[in-house]
Amino acid sequence: MTRSFNSFKNIVDSTLALENVLENYQQYFAHTHPVKKKEKLHEHTQKVLEYFLVLIDKHGTDRVADSLISEIVNSISSIEHPDIFGNYLKRLFVDSIAFHDFGKINENFQVEKMKASFKPNPDNGIGSTHSKLSAYLFLNFHAKNIFEQQDLNIQEKTLLYAFSYLFANPILRHHSSFIDHYIDFEEDIVRRLKTYLASFAIDIDENLQSNFFNNREGIFEIFDDKLKDTNCFVIYALLKLNFSVLTSADFYATFAFRNDVEIEDFGLIYGKLRNEFSEKFRKLKPYNKKLFENFNEYLLLPFDKIQERKAKNLNLLRQKLAAEVLNNIRKYSSQHLFYLEAPTGSGKTNLSLAGAIELLKLYGNINKIFYVFPFTTLVSQTFKSIRETIGATNDQLIQLHSKSGFHSQNEDGNNDEEREEEQNYIDNLFLNYPITLLTHIKFFDILKGNGKETNYLLHRLSNSIVIIDELQTYDPKHWDKVIFFLSQYAKHFNIRFVLMSATLPKIDELNEETKGKIVSLVDNKNKYFQNPNFSERVHFDFSLLEKGKEWSKGEYLHQLSNFILQKSENYASTNDGKVRILIECIIKKTASKLYRNMMKDDDFASYKKYLISGEILEPRRAEIIKAIDEEKDEKVIVVSTQVVEAGVNIDMDLGFKDRSLIDSDEQLAGRINRNAGKDNCTVFLFNYDRTDYVYRDDKRYKITTKEITDKEYQEILFEKDFDRLYKKVSKSITERNKNPLIEGLSDYKRNFRLLDFSQIKNKFKLIEDSSNSVYVPLDIPSYHFDKQEKDFISRFNVPIDKKEINGGDIFEIYQSIVTDDQGTFINKKIDIKKIYGLMAKFMFSVFKTQEQVFAPYLNPDLTEKFGILYLQHWNKIYDYEDGLNVEEIKGAVFI
């Protein structure tokens, strides 16, 4: 049962105001300014509270806090006065924001930071800092106030003492780069800071104060005992939410003073925009217009009428699928977790957008959409697709990833006189846009991370729709953590999650709260997956798995090339001499070797050959995709690593893949005959590199090799029945979690009870191996740079009228920005964001374990100074078209 407590607005109205208790409050300052008068402390405090109220109003945070606090008070049996107790928790939440800068009354802060006329206090033990004094004032005020509460029993008061310590954490950390649960007030500091209590008329009994500060361990022993049966996620989330709105409101208020820019538009979907998105979705694309005009006809269309393979039936299948998704959204709209499993080529992006628009229509309190992807290329593709489908403009849509640069709300990228760049900066920082596209690393850092800048965004997630694509890319060892986080945030933050993939793992089985309760938006997925228009789109051929056993390791790639040539020529002979081949290797070195062998082989002279790997720069990858899409060449071969499985939107005729994971094999098949309009399209699986090089710790690989026969493996791919694999994986994870001798989900959850923010973050990493960027200062064709980027480059006297732009010049701009001490902090931040977007065109990533092999080719000074591997002698090992020649790098093992 969710209770309703006092509103944040009412609590703010009754909270302690500086001007009412602090003598000579007018003489204390919070911030200085190079031009205008200093900001007074009471003005800043009031401004922070004003922005706090705006944020909780815009994002519906009041209801989120009530939901979290309700679960706390409902789960502790010793709480006899749940409403009084819950209201006090909300007061602690508000007061942590109100008190956060009270410590700036520190004379040393006023003298050293504010240049004010105060007599220094060398004996206060905190120097010129203020956060610890703020927390101290907060703790003493509430220790006294809790003690005097006549309507609470001793156990309730003890619990509130503990909560006051917890809410002091955000105060202590509001200027830190992260939040954690650690408070240490030494007896000496408690004594030294006592003189400040009188300034706020906090008359606390010495014995009470001594017991409160000296018995912290005892307080938390009782706290831990009373909460042993409580879901401690709610306490963790409440503190994260508090840290989020505190630091955000503080930033907005400080920003307003320093830049004279008030933020009034927080990028939300209101009635007018809600209707606009809905109307445009129904009208801009002809197929969506037809969907709503013939909705019931598509919904009731019998499957047996659309079995024949042809373009018309494929489009009818897509429309039927869309109608079914919308119908189920309407039927189960009160639910918060949805599965969207649909075949490759069915238009999942359009399906998910249809569902999101429908949810916006059904629920007026949902006011923003987030799309989450594993790869930046998927982010960019979907960004373009959403713009086209609902006519979203730059002020309505943002993509956030390492290569996106600085997002301008002005469509042509020119300066907008009505919007200062500073305002664009804050909108970028807080993602003040109705629709946000971001990577899964960034998104899950918001959910689980303790970093300040990431946590700014947590309050924005409330009352939103979150669509997570390509869920199968997550390592199964984290699936239980994924569903744990999603279910908890969905419940308390009123988030509608849509999880989608063509090979979707049913992770709800791993959580008792969600087991069997995630709604599938497709009632009978097999009717779609096994329809010939999807199932016969690509045929899997396993003959190479046997044939390859006869080839020696030294001859394997040569024999494989001959086989590929034979199948390619056979296909071309029945297709007007045209054929498009995709080859995927597990290991980068194999892909590079196979590609270079084909480049030298006269038998492949008539083929246009491309290499796509993680080391191919983004502009070159865009060129390759564009060339393939335009079909300029009759015969094309693309040799790739696994980066091609998702995020590379190409349509090929034949595929050749080194067998790895079952769902990975299916993902590669998704690049073949994407629109199901061709015949005789086949994926040939072979077995060359050791799969355990990449997947040795992946449960799917272990189960496939130990528990799934070759016959089963083939049946799963033929029938698209990936649940057969995932059920085994889920069973394995469940058994692991039940085994007390193996670290499992219960061990991870223990970190929530301890409020160990760092461990909650570090024990859940979607990418285990840390990476670094390699910068290649070569020339890139200038058409890869838009007008906004060229205008920025020209600011630094770098010529932009040439056919190519040099990476060395771009890096020099970066150096000048980073080392320049002139200009404002905000403008420097903006310029750094812009130059990062440009530098990304010249960078690729490598695991830190591989860094040493680049040492002979680096500029050691630049590498050490900027933390980026600056590949000065790139021409010895790198080529713009062909990427990194891994065979030339001694000691390299690239996976």
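You'll find the structure just up there.
All of these numbers come straight from a predicted model, not from anything done at the bench. (Residues numbered from 1 in each chain as written. Predicted model: local features only at pLDDT ≥ 70, side-chain atom pairs only at ≥ 80, totals over all residues. Heavy atoms only, no water.)

Student: Would you mind showing me how to read the pairing of strand β3 (residues 337-341) here?
Tutor: Along any regular strand the residues' side chains alternate between the sheet's two faces. Most of β3 sits out of view: five of its five residues are buried. Across the two faces of β3 the burial is the same, with Leu337, Tyr339 and Glu341 and Phe338 and Leu340 all buried. In terms of strand pairing, β3 meets strand β8 (residues 496-501) through five bridges, oriented parallel. Residue pairing in the sheet places leucine 340 in a bridge with methionine 500 of β8. (Buried < 20%, exposed > 50% of the residue type's maximum accessible area, 1.4 Å probe, protein only. Helix = DSSP H or I, 4+ residues; strand = E, 2+ residues; numbered from the N terminus. Pairing = 2+ DSSP bridges.)

Student: I'm lost on the side chain of histidine 44 in this one. Help?
Tutor: Tracing the backbone shows histidine 44 in helix α3 (residues 41-59). One polar contact links histidine 44 to aspartate 101, side chain to side chain, over a distance of 3.1 Å. (Polar contact = N/O pair within 3.5 Å; in protein donor to acceptor, adjacent residues only side chain to side chain.)

Student: Honestly, helix α17 (residues 348-362) in this entry has me stumped. Any pointers?
Tutor: What sets the pattern is the α-helix's 3.6 residues per turn: residues three or four places apart point alike. With 15 residues, α17 should reach 21 Å at 1.5 Å per residue; the first-to-last C-alpha distance of 21 Å fits that figure. For α17, the complete set of buried residues consists of Lys348, Asn350, Leu351, Ser352, Leu353, Ala354, Gly355, Ala356, Ile357, Glu358, Leu359 and Leu360. (Expected span 1.5 Å × (residues − 1).)

Student: Would you mind going over the pairing of strand β16 (residues 771-775) with me for this structure?
Tutor: The pairing of β16 with strand β19 (residues 843-847) spans five bridges and is antiparallel. If you follow serine 771 over to β19, its bridge partner there is phenylalanine 847. The pairing of β16 with strand β20 (residues 869-870) spans two bridges and is classified as parallel. Residue tyrosine 775 lies in a different strand from β20, and its bridge partner there is tyrosine 870.

Student: Could you clarify how one ought to interpret the packing of α17 against helix α18 (residues 376-390) in this entry?
Tutor: For any two helices packed against each other, the geometry is given by the interaxial angle and the distance between the axes. As a packed pair, α17 and α18 sit with axes 11 Å apart at the nearest point and diverge in direction by 55°. Between α17 and α18, the angle falls in the class oblique. Between α17 and α18 lies a crossing of right-handed hand. Every residue of α18 that contacts α17 at Thr349, Asn350 and Leu353 is listed here: Thr382, Ser385, Ile386, Thr389 and Ile390. Considered class by class, the residues forming the contact of α17 with α18 number three nonpolar, five polar and no charged. (Axes fitted to C-alpha atoms, helices over the stretch in contact; angles between N-to-C directions. Parallel < 35°, antiparallel > 145°, perpendicular 65-115°, else oblique. Left-handed = near helix turned anticlockwise from the far one by under 90°. Contact = heavy atoms within 4.5 Å. Nonpolar A, V, L, I, M, F, W, Y, C, P; charged D, E, K, R; others polar.)

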